[in-house]
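Observations on chain architecture
Next come the chains, spelled out residue by residue.
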Amino acid sequence: RKMKNLTKKSICYSASILLTLGLILSCSEDFIDVASNEETEGAITADKAPELVNAVYNNLNQWAMSSFSWNGVSSMTSDDADKGSDPGDTGGDKNLLDGLIFDATTISFDEVWAAHYDGIQRANQAINRIEAFDFDPTLKSRLIGEAKFLRALTYFRLVKTFGGVPLIAGTPDLSIDPAQLLSRATKEATYAFIETDLTEAIASLPEKSEYPVSELGRATKGAAKALLAKVSMYQNKWQEVMTLTNEIIASGEYGLTDNYEDIWKEIGENNTESIFEIQARGDSPTAGTQGYSVTQGARGAGGWGWGFNTPSQNLADSYEAGDTRRDATIIFRGETLFDGRLVPNTVVNPMYNQKAYSSAFSDAWETGKNIRILRYAEVLLMNAEAALATGGDAATPLNQVRNRALLGNAPVVNQLAIWEERRHELAFEHDRYFDLVRQGRAGTVLRALGKPFVDGKHEVFPIPNEQIIKSGGLLEQNPFYGQ
C-alpha cells in the first residue's frame, strides 16, 4: 500500500533552521550557505508536493515522537501503567515519570518537545510551499488539509502536555524580536489555533471511502472531525462535541470491529473502526515506529523486549468480570498469545502491553505495527459524554461499546460510568493521564495510589530546561517547576 511506504527522508530547508530559537530540528547546517539554499529552493517543485506531506506523516514514526519518551510522559505517569522492566533499569528517567518525581531537566520532556516541533516545522514547510505551487486544485487542497490535520494533532499533544506553547504557523521571520516568536501562547489561543487548522482540514479532506485503497491511512474528513470533537471535549464545548460525533456516526463511514482483540492485530489495520493510525510497513525490511514494540515487549529469558510501560495491577483489577478488553489489552506471564507464542514464566514482569505487540516482527527495532490514534469507539464514548452534558441519549452509544466487550448494558449511565468505560476501552492509547486531568480528578485518583500529584502543578508537565536555555530564557516555565 502506498501509505505503507511513506518516504523516510526528512526534507529540510534553510528557512526552518530554528536552532537559535531553541526548537531542535534535524537539518544539516550546510543549508546555511546561500548558494546551496538557492539550489535547494529551485529543486522543490510541484511534483514533490506529496513528498512534503509524507515527511510530516513520517515524523510520527520517530523514536522521540511516538515511542519511548512519549510512552513515559503520556502513559507511565498514569495509573494504567508502571515503569516495568527490571527494578534497577530506570530507562534513563522512566522511574521519575512513573513516580511523578520529575523536573524540568528530565530528558523525556526535551525529546518530546523537540520531536513535536520537528513535526510542526515539516507541516509548515509543506503548507507554505504547496500553497505556492500551481497544480491540480483538488489534490492541492487535500494535501494542505492533510498537513493541517497533522499540525493540529501535534499541537494538541503539546497543549495537553505543556499547556500553552509558542505558535509557529509559517516560516519564522528571524529578523523580528525573538521574544515575540518564542512567547508562549495561552492555552486558549493554542486551542483556537488547532480548531482553525481542523476546521479548514474538514473542508478540504475527502471521506475515508473516497480514497483509493492505495491511499488508506491518510487523514480524512472523519479524522479531522473526530480530532476536533476531542479538542472540543477538552474544553468542555459539549454542543460542538455532540454535533461532530453525530455527523461521524451518521456518515456510515465507520463501525465497531466485531472482536476487540482483532483491532490490535495486523488484520485490524485501517479497518472499519480505524479513523486515524500511524502507518508502518508490514514486511521486511520493516519501516515502522522506532522502538515502539520492542521497548514494550516481554523482558527476560524467553522474552523479546525491554519490558517497559507495563500494565498496573490497578488497571488489571479494574475490569468487570467477563470484559474481553482485559485479555486483549494485557499480556499475562505464562499465557499463549493469539499467534501461538508462549509467554514463558521466566519473563521479568507479570504483565505487558498487548496493544504494542507485533506478531510478525516482535523483536525488531521497527515493526509493521500501526499505532491506533483515533477509533470509532472513542467517537461513541465522546458522543455519550456530550449527550450526558447536553441532555441527549448517552445510554445508546455507551452500551454499543460495552456490548462489543461482551458486557451487558450499563446499570447506571452517569459521568463516572462513561469515564471508566473510557479507561477500559482506551487503555495504553495515551489518554488516561490527560483524561484524569481533564476530568478534574487526577490528584484524587493518583494520590490514592501513592503518586504524589500536586494540584495546580502536575496538570501540565515542565517546559524542558534545555529549551529554556536555548531560548536565552525567553520561554517561560510552568508554575512550581522553577526557571
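Note that the structure is a prediction, hence the values are computed from the model and not measured.

Considerations on the overall build of the chain
- Helices and strands together make up the secondary structure of the chain, namely 19 helices and 6 strands.
- Each of the 483 residues in the chain was classed as buried or not, and the buried ones make up 61%.
- Excluding contacts between residues fewer than 6 apart, the proportion of contacts in the chain whose partners are at least 24 apart in sequence is 70%.
- Total accessible area on the chain stands at roughly 17,500 Å², and carbon and sulfur atoms take up 53% of it.

What about the packing of aromatic side chains?
- A full pass over the atoms with the stated rule returns 25 aromatic pairs.
- For the pair F102 and F461, a centre-to-centre distance of 5.4 Å together with 70° between the ring planes defines the contact as edge-to-face. Here F102, found in the loop between helix 5 (94-98) and helix 6 (107-132), pairs with F461, found in the loop between helix 18 (442-447) and helix 19 (465-470); they are 359 residues apart in sequence, far enough to count as distant. Side by side, F102 and F461 carry an identical accessibility label, which is buried.
- The interplanar angle of 50° and the centroid separation of 6.4 Å between the aromatic rings of Y433 and F453 together place this pair among those described as tilted.

Describing the environment of G303
- With respect to the helices and strands, the residue G303 is situated in the loop between strand 2 (274-278) and strand 3 (308-311).
- Judged by relative accessible area, G303 falls into the partly exposed class, the value being 27%.
- Sequence-wise, G303 and D363 are 60 residues apart; in three dimensions their C-alpha atoms are separated by 9.0 Å.
- In this structure G303 touches A298 and V347, once residues within four positions along its chain are discounted.

Side note on the pairing of strand 6 (residues 371-375)
- Extensive coverage of strand 6 is indicated by the burial of 5 of its 5 residues.
- Pairing geometry for strand 2 and strand 6, over 4 bridges, is antiparallel. Within strand 6, the residue paired with E277 across the bridge is R372.

Section: the packing of helix 9 (residues 187-204) against helix 10 (residues 221-233)
- As a packed pair, helix 9 and helix 10 sit with axes 8 Å apart at the nearest point and diverge in direction by 155°. It follows from the interaxial angle that helix 9 and helix 10 lie roughly antiparallel. Like other packed secondary-structure pairs, helix 9 and helix 10 cross with a definite hand, here left-handed. Residues Y191, I194, E195, L198, T199, A201, I202 and A203 of helix 9 touch helix 10, and the partners they reach there are K221, A224, K225, L227, L228 and V231.
- By residue class, the composition of the contact of helix 9 with helix 10 is 10 nonpolar, 1 polar and 3 charged.

Points about the environment of A328
- The residue A328 is located in helix 13 (residues 325-329) in this model.
- On a C-alpha basis, the gap between A328 and E261 in space is 4.8 Å, while along the polypeptide they are 67 residues apart.
- Contacts of A328, omitting those with residues within four sequence positions, involve Y260, E261, W264 and Q354.

Focus on the pattern of salt bridges
- Under the counting rule described, the total for this entry stands at 40 salt bridges.
- Its salt-bridge partner being D118, residue R122 comes within 3.3 Å of it at the nearest N-O pair. You can see R122 and its partner D118 sitting in helix 6, 4 residues apart, about one turn around the helix. Residue R122 shares its accessibility class with D118, and that shared class is buried.
- A salt bridge links K470 to E466; the shortest N-O distance between them is 2.7 Å. Residue K470 and its partner E466 are both found in helix 19; the two are separated by 4 residues, about one turn of the helix.
- Beyond isolated ion pairs, a larger network of salt bridges with shared partners links E273, E320, D323, R325, K355, R375, R402, R404, E421, E425 and E429.

Things to note about the confidence of the model for the chain
- Per-chain confidence: the chain averages 90 in pLDDT, with 89% of residues scoring 70 or above.
- Between the elements of the chain, mean pLDDT differs from a low of 43, seen in helix 1 (residues 34-43), to a high of 99, seen in helix 10.
- Segment residues 1-40: pLDDT under 50, and 96 contacts once partners within four positions in sequence are set aside and those in other chains are kept.

Things to note about the nonpolar core
- Within the largest apolar cluster, 99 residues are counted, with the highest numbers of intra-cluster contacts made by I130, F149 and F276.
- With 12 residues, helix 7 (residues 137-162) is the single largest residue contributor to this core.
- Among all residues touching F149, those that are not within four sequence positions of it are L198, A201, L205, A219, A223, A224, L227, F276 and L374.
- Among the nonpolar cores identified, the runner-up in size contains 9 residues, and L315, Y319, F332 and A427 belong to it.

Description of helix 6
- The first and last C-alpha atoms of helix 6 sit 38 Å apart over 26 residues, in line with the 38 Å expected at 1.5 Å per residue.
- Within helix 6, 21 of the 26 residues are buried, which leaves it mostly tucked inside the rest of the structure.

Things to note about the side chain of N309
- Within the element layout of this structure, N309 appears in strand 3.
- Looking at N309, the relative accessible area reads 2%, which means it is buried.
- At 2.9 Å, the side chain of N309 and the side chain of S75 are in polar contact.
- For N309, the side chain forms a polar contact with the side chain of Q296, separated by 3.0 Å.

The rules we used
- Residues numbered from 1 in each chain as written.
- Predicted model: local features only at pLDDT ≥ 70, side-chain atom pairs only at ≥ 80, totals over all residues.
- Heavy atoms only, no water.
- Helix = DSSP H or I, 4+ residues; strand = E, 2+ residues; numbered from the N terminus.
- Buried < 20%, exposed > 50% of the residue type's maximum accessible area, 1.4 Å probe, protein only.
- Contact = heavy atoms within 4.5 Å.
- Areas by Shrake-Rupley, 256 points an atom, 1.4 Å probe, with all protein chains shown as cover.
- Phe/Tyr/Trp six-rings, centres within 6.5 Å; stacked < 30°, edge-to-face > 60°.
- Pairing = 2+ DSSP bridges.
- Axes fitted to C-alpha atoms, helices over the stretch in contact; angles between N-to-C directions.
- Parallel < 35°, antiparallel > 145°, perpendicular 65-115°, else oblique.
- Left-handed = near helix turned anticlockwise from the far one by under 90°.
- Nonpolar A, V, L, I, M, F, W, Y, C, P; charged D, E, K, R; others polar.
- Salt bridge = Lys/Arg side-chain N within 4 Å of Asp/Glu carboxyl O.
- pLDDT = per-residue confidence, 0-100.
- Core = buried A, V, L, I, M, F, W, Y, C linked by side-chain atoms within 4.5 Å.
- Expected span 1.5 Å × (residues − 1).
- Polar contact = N/O pair within 3.5 Å; in protein donor to acceptor, adjacent residues only side chain to side chain.

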